[in-house]
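Chain by chain, the residues run as shown.
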Amino acid sequence: MRHTPGTFSIAARDPETNAFGAAVTTGTVAVGATCPYVSANGAAVTQAFTKTEHGRNAIERADDGERIDDACEALLAADEHAAFRQVHGVGSDSEFGFTGERCSGWAGHRVGKHQTVAGNLLTGPGVVEAVEEAYLDADGDMAESLVSALEAGVAAGGDDRGEMSAAILVHAPEPEFYHNLRVDLSETPVADLRALLGEAREAKARIRAETDELFEDYPPELLEFGIKY
């Protein structure tokens, strides 16, 4: 069972900053490589028996002006194996959640205003409830809120097999190093993700200080790295 696909995750939008984010943890390796997708217009997660095209195409269609719920429904309607999938996400004007009838173990989702949560192979429904509540109660920016949500899910029981990897992905008007973080293999991936978030928050200041030591004068735009999605 250790390598059977399964996970819990959250997709969210902060209407005040127009940031979109997704966070996920699972009992297999490298979950950040396949499950979360974000852009300036949406956040989506594909999981259970993951189909990366569902996440990627949902975001592309949101970028083209389509509602995220309409996009996801169309993608699943064309998928002959939709019963094995979980797909959820948020857009600028809609939310969507889907759990296929053949998803394993305890599986389900929650759809709220500006956030969706889903999971499968979990210890029970309390996990997705805890994830949503922690996100809504969290202080701080999108990255902080997402990690807090994952921590709450782990504390509530998490993946029935234990977690091996975790990731957060955020699209915000001002990109930061800590908007794309992955822990690909660990016995405590969410705790490691918390530590990584702290280190990544300090990275910009350290790089600026080190560059100041190297050069008396340099174009400031050299330090505008951006991040990749």
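Our structure's up above, just so we're on the same page.
Predicted model, so just to flag it, every value in this text is computed and none were measured.

This part covers helix H3 (residues 126–137). With twelve residues, H3 extends 16 Å from end C-alpha to end C-alpha; this agrees with the ideal 16 Å at 1.5 Å per step. In this structure, the buried side of H3 is in contact with strand E1 (7–14), strand E7 (106–111), strand E8 (115–122) and helix H4 (142–155).

Another aspect to go through is the packing of aromatic side chains. This structure, assessed with the given rule, holds three aromatic pairs. Ring centres of Phe49 and Phe84 lie 6.0 Å apart, and the angle between their planes is 90 degrees; this geometry places the pair in the edge-to-face category. Taken as a pair, Phe49 in the loop between strand E4 (42–48) and helix H1 (52–63) and Phe84 in the loop between helix H2 (68–77) and strand E5 (85–91) lie far apart in primary sequence, 35 residues in all. Classification of Phe84 as partly exposed rests on a relative accessible area of 26%.

We now examine the pairing of strand E3 (residues 36–39). Residues of E3 alternate between two faces, with Pro36 and Val38 on one and Tyr37 and Ser39 on the opposite face, all of them buried. In the sheet, E3 pairs with E4 via four bridges, with the strands oriented antiparallel. Considered in E4, the bridge of Pro36 is made with Val45. Connecting E3 to the next strand, E4, in antiparallel fashion are two residues.

The interhelical angle for the contact between H3 and H4, taken along N-to-C directions, is 150 degrees, at an axis separation of 7 Å. With respect to H4, the element H3 is oriented roughly antiparallel. Our pair here, H3 against H4, has a crossing hand that is right-handed. Residue-level inspection shows Val127, Ala130, Val131, Ala134 and Tyr135 of H3 in contact with H4, the latter providing Met142, Ser145, Leu146, Ser148, Ala149, Ala152 and Gly153. Here the contact of H3 with H4 is built from residues that sort into nine nonpolar, three polar and no charged.

So, about the side chain of His179. Within the fold, His179 resides in the loop between strand E9 (165–171) and strand E10 (180–183). A residue is classified by how much of its surface remains accessible, and His179, at 6% relative accessible area, is buried. Non-local contacts of His179, meaning those with residues more than four positions away in its chain, are made with Ile168, Leu169, Val170, Ala172, Glu174 and Ile227.

Our next topic: the state of the cysteines. In the structure shown here, the tally under the stated rule is zero disulfides. The thiol of Cys72 is not disulfide-bonded; the next cysteine sulfur, from Cys35, is found 14 Å away.

Okay, the pattern of salt bridges next. One pass over the structure, following the stated rule, counts 13 salt bridges. In this structure, Glu144 and Arg194 form a salt bridge, with 2.8 Å as the shortest nitrogen-oxygen distance. Of this pair, Glu144 sits in helix H4 while Arg194 is found in helix H5 (residues 189–214), placing the two residues 50 residues apart along the sequence. Arg182 is the partner of Asp184 in a salt bridge, and the nearest nitrogen-oxygen pair spans 3.0 Å. With a relative accessible area of 37%, Arg182 lands in the partly exposed category. Here the salt bridges share partners, and the residues they tie into one network are Arg67, Asp69 and Asp70.

So, how was this worked out
Every chain's residues receive numbers from 1 upward, in the order its sequence appears when written. Reporting of local features is limited, given that this is a predicted model, to residues whose pLDDT is at least 70; pairs of side-chain atoms are given and counted only at 80 or more, and all residues count toward the totals for whole chains, interfaces and linings. Water and hydrogen atoms were dropped before computing side-chain values, which therefore reflect all heavy atoms in the structure. Only runs of H or I of at least four residues qualify as helices and only runs of E of at least two qualify as strands under DSSP, and these elements are numbered from the N terminus. In this analysis, the expected span of each helix is defined as 1.5 Å times one less than the number of residues it contains. Throughout, a residue-residue contact means that at least one pair of heavy atoms, one from each residue, lies within 4.5 Å. Only the six-membered ring of Trp is used, alongside the rings of Phe and Tyr, when aromatic pairs are assigned; centres must lie within 6.5 Å, and planes under 30 degrees apart are stacked while those over 60 apart are edge-to-face, with the rest tilted. Residue burial is assigned from relative accessible area. The probe radius is 1.4 Å, only protein chains are included, and a residue is buried under 20% of its type maximum, exposed over 50%, and partly exposed in between. In short, DSSP must find at least two bridges between two strands for them to pair. Axes here mean lines fitted to C-alpha atoms, for a helix over just the part in contact, with angles spanning 0 to 180 degrees between N-to-C directions. For classification purposes, angles smaller than 35 degrees are called roughly parallel, those larger than 145 roughly antiparallel, those between 65 and 115 roughly perpendicular, and all remaining angles oblique. Throughout, a crossing is termed right-handed when the near helix is turned clockwise from the far one, and left-handed when it is turned anticlockwise from it by less than a right angle. Under the scheme applied, nonpolar residues are Ala, Val, Leu, Ile, Met, Phe, Trp, Tyr, Cys and Pro; charged residues are Asp, Glu, Lys and Arg; polar residues are all the others, including Gly. Any cysteine sulfur atom paired with another within 2.5 Å is treated as part of a disulfide. Each salt bridge in this description consists of a side-chain nitrogen of Lys or Arg and a carboxyl oxygen of Asp or Glu lying within 4 Å of one another.

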